[in-house]
Amino acid sequence: MWFCYNQLMPAITFITGNQSKADYVSRYLGFKVSHRKIELEEIQSLDLKEVVEHKVKQAYAIINAPVLVEDVSLEFKALGRLPGTFIRFYVDEVPFETICRTLDGLSREATARCVFGYYDGNKLRLFESSLDGTIAMHPKGENGFGWDKIFIPQGYNVTRASLDEEANKITYLKIKPFEQLKSFLIATQPD
């Protein structure tokens, strides 16, 4: 059954340097998604959809085949939409403890967002999902990556990096718009 379903689905290249991420997308969608590591120029914008649209069009121009890209943001309510799309640079440059201290005396509410972008040269589609939560008083946990040590998903009292495997999977599926992407890909297939 998987093989038959696989043959009906389009060839898509996920632009990521992370093989595990590509494997997870393939497992969730139910068909093989190849991946390529390509350094894409990221525009400076707090609009996550604008960033993803630029990346997906750039990726398509490089490989000239249907592509999928992804980007995330982490917005601190007290700071407007910041750090937002710049969160990757924050965690590369600023110690987690310092990031947590930034919100002392302020709201610790935060929203994690993820946008997948698909482009085949004709159809451009963006799929967005988000998960509310808070920023921890102190970084905690050994699992996850990026800002997982400071983000506490709504409904939990520990960071994503401290969650057990099952809880982490649940929050991952809430942050990532897999279902929207999968529905779109199925709907666009010929009968």
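Here the structure is a predicted model, which is why all the values come from computation and not from measurement.

The subject of this paragraph is the pairing of strand β6 (residues 124-135). Where strand β5 (residues 109-119) lies against β6, 11 bridges are found, and the strand directions are antiparallel. Paired with Tyr 119 across the two strands is Leu 124, which belongs to β6. Taking the residues that link successive antiparallel strands as the turn, the β5-β6 hairpin has 4 residues, and the phi of Gly 121 there is positive, at about 95°. The pairing of β6 with strand β7 (residues 151-153) spans 3 bridges and is antiparallel. Residue pairing for β7: Gly 133 is matched across the bridge by Pro 153.

Attention now moves to the confidence of the model for the protein chain. A low pLDDT score tells you not to read the predicted coordinates there in detail. Per-residue pLDDT for the protein chain has a mean of 91; in total, 94% of the residues score no lower than 70. Confidence drops under a pLDDT of 50 for residues 1-7, and excluding neighbours within four residues, the segment shows 10 contacts in the predicted structure.

In this section: helix α7 (residues 178-187). Within α7, the full set of buried residues consists of Phe 178, Leu 181, Phe 184 and Leu 185. Buried residues along α7 cover an arc of 135° about the axis, so they all sit on one side. Packed against the buried residues of α7 are α2 (19-29), β3 (67-76), β5, β6 and α6 (165-175).

Cut-offs used in this document
- Residues numbered from 1 in each chain as written.
- Predicted model: local features only at pLDDT ≥ 70, side-chain atom pairs only at ≥ 80, totals over all residues.
- Heavy atoms only, no water.
- Pairing = 2+ DSSP bridges.
- Helix = DSSP H or I, 4+ residues; strand = E, 2+ residues; numbered from the N terminus.
- pLDDT = per-residue confidence, 0-100.
- Contact = heavy atoms within 4.5 Å.
- Buried < 20%, exposed > 50% of the residue type's maximum accessible area, 1.4 Å probe, protein only.
- Arc of directions from axis to C-beta.

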